[in-house]
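The residues making up each chain are set out below.
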Amino acid sequence: MTFSIQGIAVARGIAIGRAVILGSGRADVAHYFVEPAQVPAEIERVRAGRNAVVDEIHRLQVTIAGMGPKEAPHELSALLDVHLMLLQDEELITGVKHWITDRLYNAEWALTTQLEVLSRQFDDMEDDYLRERKADLEQVAERILRYMKGMGSPVAQPPAPKRKTQQDLLLDDSVDVPLVLVAHDLSPADMLQFKQSVFAGFVTDVGGKTSHTAIVARSLDIPAVVGARSASNLVRQDDWVIIDGDTGVMIVDPSPIILAEYGFKQRQAELERGRLSRLRHTPAVTLDDQRVELLANIELPEDAAAALKAGAVGVGLFRSEFLFMGRHGGDMPDEEEQYLAYCKAIAGMQGLPVTIRTLDVGADKPLEEQHRDLAHLNPALGLRAIRWSLAEPEMFRTQLRAILRSAVHGKVNLLVPMIAHASEIRQTLSLIDFARAELDNRGTPYGPVAIGAMIEIPAAALSLRTFLKYFDFLSIGTNDLIQYTLAIDRADESVAHLYDPCHPAVLRLVADTIAECRRHGKGVSVCGEMAGDTQFTRLLLGLGLRSFSMHPAQILAVKQEVLRADAGRLEPWSQRVLDSEDPALAMVG
Ligand code: PEP
Ligand code: MG
């Protein structure tokens, strides 16, 4: 039966494919396709993992048999019996084989997929005792996965994503149909590991439009919907689904008529992409000859390729924290590793400037998965970004040295996130001096950098005089500026309807920052999601903005808006929008 689920649109386009449901905490499991010839080896890996767990349980049973009831209560041996029974369950075994043989999933993916199928069956059981066996099943699967991890995978590289149109789908229901990932939640680090993945679209139950998970999803340039509430519960493994990334709707089990309609929309979007790609080499200049700088936001050095391909004239925001995330055991990239990563981004941009933002961890970007449990009640107001760096000066200086060294190889700007206090500014600048002195002492060469601050806390936007005194340029982080001005958690879908870039207070802070920078001859850009949203291009141009930084996927659409705009004529209109009680209405009126 066809039904639809409404969520929040985060990345444009239409994806049509089969759902892959990812249980919570399963994102660290590798997802890739194997070659048909590798199927027997993958099945063997699961079998060997399962046999190892069976042996382990048998050994435990022998040990327990020699113990008294105090050391080994009866429940323990009953539990082991249940685990053994589950390990021998036909449905588990045949299901895993099916996912490997028919869908060519790798062993771990096949196991977690079948686990998800069986978990649903347990959820539907009337009997409380049987329903509770779901936890045992999860433990058993976890044990097998652990063994399989120890054995390693014979397949080195997952293949590139496969995209298919609806037309292809109707003709071909074979293993390489597009897959759409449906998960309860994905951390930004999880999302990052899907950069090279096989998925044609994403849906998550939680998250807001500018949560970092959504931002990474957008950078993947595939349709995505977040905040779809209970989507991961309502959709079943392998259901056909359509994701409409423009409206935030997911359609489950679509009828042929709906499929045809969305297939048409999909082809239209492809045509539009083709049309926009012709603008790649066209300079971004308004009708009244105002030159506009369109820069890229990147998460990893490899993203420089997409930035160049989209015609970016530099990187306006390199979110360096993604180099630090998803690593295990508290391991941080050392100076050399960071230096090489920054050099790679600089080389990737082929002489164009690169703005490297210092570490912005905390809130919805924990360094490690387990740190999430330690989150304070209000992590967005806690030890985040520059606050974290100043609390870890050694780590911060390591990063600063790596950035300064990389500046030998190209034009580098250093950008400081979430800074609000004059004392933080002074501390940051003196740590930069300290890092330079350390390099001098070591005799290590380094290059000049322009130093900028992000304006993402209202306090910063209201004390611009201090910022303009100390910094070479400012970059407005509208994602956080909106969050902190309106007291709306950007990652919380339950208040997403109040997250309003058009609130007069937000627009006032943005407008004043742009105007003050221009008055003082300082560079200013917007690097929050507003910069890549074509709804706001004309308004920002009218407010005097000439530098926009956004995900590469949005650059050409924004360029099209710039080419059609007359900045001079937009000025009085923008002031009227700014002064109105309801700017969103005034913008369209
Ligand atoms: C912002 O807050 O607008 C910004 C660009 O930084 P981030 O999204 O990484 O917090
Ligand atoms: Mg921010």
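The shown structure was predicted, so the numbers you read here are calculated from the model rather than taken from an experiment.

(A) Focus on the packing of aromatic side chains. This structure, assessed with the given rule, holds eight aromatic pairs. Ring geometry for Tyr105 against Trp109: centres 3.7 Å apart, planes inclined by 5 degrees, an arrangement best described as stacked. For the pair Tyr105 and Trp109, a shared accessibility class is recorded, and that class is buried. A cation over an aromatic ring shows up here: Arg405 above the ring of Tyr339, its NZ or CZ 4.0 Å from the ring centre.

(B) A look at the confidence of the model for the chain. Residues of the chain with pLDDT of at least 70 account for 89%, and the chain-wide mean is 88. In the model, residues 152–175 has pLDDT below 50 throughout and makes 50 contacts with residues more than four positions away in sequence or in other chains.

(C) Examining the coordination of the magnesium ion (ligand 2) more closely. Of the protein atoms, only Glu456 (OE) and Asp480 (OD) coordinate the magnesium ion (ligand 2), at distances of 2.0 to 2.2 Å. With Glu456 in the loop between strand S13 (449–455) and helix H16 (458–461) and Asp480 in helix H18 (residues 478–486), this residue pair connects regions lying 24 residues apart in the sequence.

(D) Quick look at the pattern of salt bridges. Applying the stated criterion across every chain, the model contains 28 salt bridges. Between Glu272 and Arg275 there is a salt bridge whose closest N-O contact spans 3.0 Å. Taken together, the positions of Glu272 and Arg275, both in helix H10 (residues 256–277) and three residues apart, correspond to about one turn of that helix. Classification of Glu272 as partly exposed rests on a relative accessible area of 28%. One salt-bridge network, held together by shared partners, links Glu335, Glu336, Arg397, Arg401, Arg405, Glu438 and Arg442.

(E) Here's a closer look at the pairing of S13. Counting buried residues in S13 gives seven out of seven residues, a clear majority hidden from the surface. The alternating pattern of S13 places Val449, Ile451, Ala453 and Ile455 and Ala450, Gly452 and Met454 on opposite faces, both of which are buried. Bridging between strand S12 (residues 412–416) and S13 involves five bridges; their strand directions are parallel. Bridge pairing in S13 places Val416 opposite Ala453. With helix H15 (residues 422–442) bridging S12 and its parallel neighbour S13, the resulting β-α-β unit is right-handed. Note: S13 against strand S14 (residues 473–476), four bridges, orientation parallel. Across the sheet, Ala453 pairs through a bridge with Leu474, a residue of S14.

(F) Structural detail: empty space enclosed by the protein. A complete count under the given rule lists three cavities of 30 Å³ or more for this structure. Around the largest cavity sit 14 residues that line it, and Arg319, Arg357, Met454, Glu456 and Asn479 are the ones nearest its centre. Of all elements in the fold, only strand S10 (315–319) and H18 reach the threshold of two or more residues within the lining of the largest cavity. Of the residues that constitute the lining of the largest cavity, the class distribution is three nonpolar, four polar and seven charged.

(G) Molecular detail of the sheet that holds strand S4 (residues 179–183). Read across the open sheet, the eight strands follow the order S1-S8-S7-S3-S4-S5-S6-S2; overall the sheet is mixed. At either end of the open sheet lies a strand with only one pairing partner, and these are strand S1 (3–6) and strand S2 (8–11). In this sheet, neighbouring strand axes are inclined to one another by 30 degrees on average, regardless of whether the strands run parallel or antiparallel. One ladder, built from four bridges, connects strand S7 (residues 240–244) with strand S8 (residues 249–252); its direction is antiparallel. Among the inter-strand pairings, Val241 is bridged to a residue of S8, identified as Val252. Across the sheet, H10 lies against strand S3 (14–22), S7 and S8, angled at about 115 degrees from S3, the strand it touches most.

(H) Region of the structure containing the nonpolar core. Among the nonpolar cores identified, the biggest contains 152 residues, and Phe199, Phe202, Phe467, Phe471, Leu474 and Phe548 are the most heavily contacted of them. With residues near it in sequence (within four places) discarded, Phe471 still touches Val416, Ile419, Ile425, Leu429, Ile451, Gly452, Ala453 and Lys522. Counting 15 residues, the second largest nonpolar core, distinct from the first, contains Ala15, Ile21, Val180 and Val182.

(I) Here's a closer look at unusual backbone geometry. For Asp221, which is not glycine, the phi torsion reads 60 degrees and is therefore positive. Structurally, the position occupied by Asp221 is in the loop between helix H8 (212–219) and strand S6 (224–226). Taking relative accessible area as the criterion, Asp221 reaches 26% and is therefore assigned partly exposed. In this model, Asp253 sits at a positive phi of 55 degrees, which is unusual for a non-glycine residue. Mapped onto the fold, Asp253 is located in the loop between S8 and H10.

The rules behind the values
- Residues numbered from 1 in each chain as written.
- Chains lettered and ligands numbered in written order.
- Predicted model: local features only at pLDDT ≥ 70, side-chain atom pairs only at ≥ 80, totals over all residues.
- Heavy atoms only, no water.
- Phe/Tyr/Trp six-rings, centres within 6.5 Å; stacked < 30°, edge-to-face > 60°.
- Buried < 20%, exposed > 50% of the residue type's maximum accessible area, 1.4 Å probe, protein only.
- Lys NZ or Arg CZ within 6 Å of the ring centre and 35° of its normal.
- pLDDT = per-residue confidence, 0-100.
- Contact = heavy atoms within 4.5 Å.
- Donors = N, O, S within 2.8 Å, 3.2 Å for Na, K, Ca; no water.
- Helix = DSSP H or I, 4+ residues; strand = E, 2+ residues; numbered from the N terminus.
- Salt bridge = Lys/Arg side-chain N within 4 Å of Asp/Glu carboxyl O.
- Pairing = 2+ DSSP bridges.
- Right-handed = clockwise from strand over helix to strand, strands pointing away.
- 1 Å grid on protein atoms, 1.4 Å probe; cavity = no way out; pocket = protein on both sides within 12 Å on 5 of 7 lines; lining within 4 Å.
- Points joined across faces, edges and corners; volume = space filled by probe spheres on them.
- Nonpolar A, V, L, I, M, F, W, Y, C, P; charged D, E, K, R; others polar.
- Axes fitted to C-alpha atoms, helices over the stretch in contact; angles between N-to-C directions.
- Core = buried A, V, L, I, M, F, W, Y, C linked by side-chain atoms within 4.5 Å.

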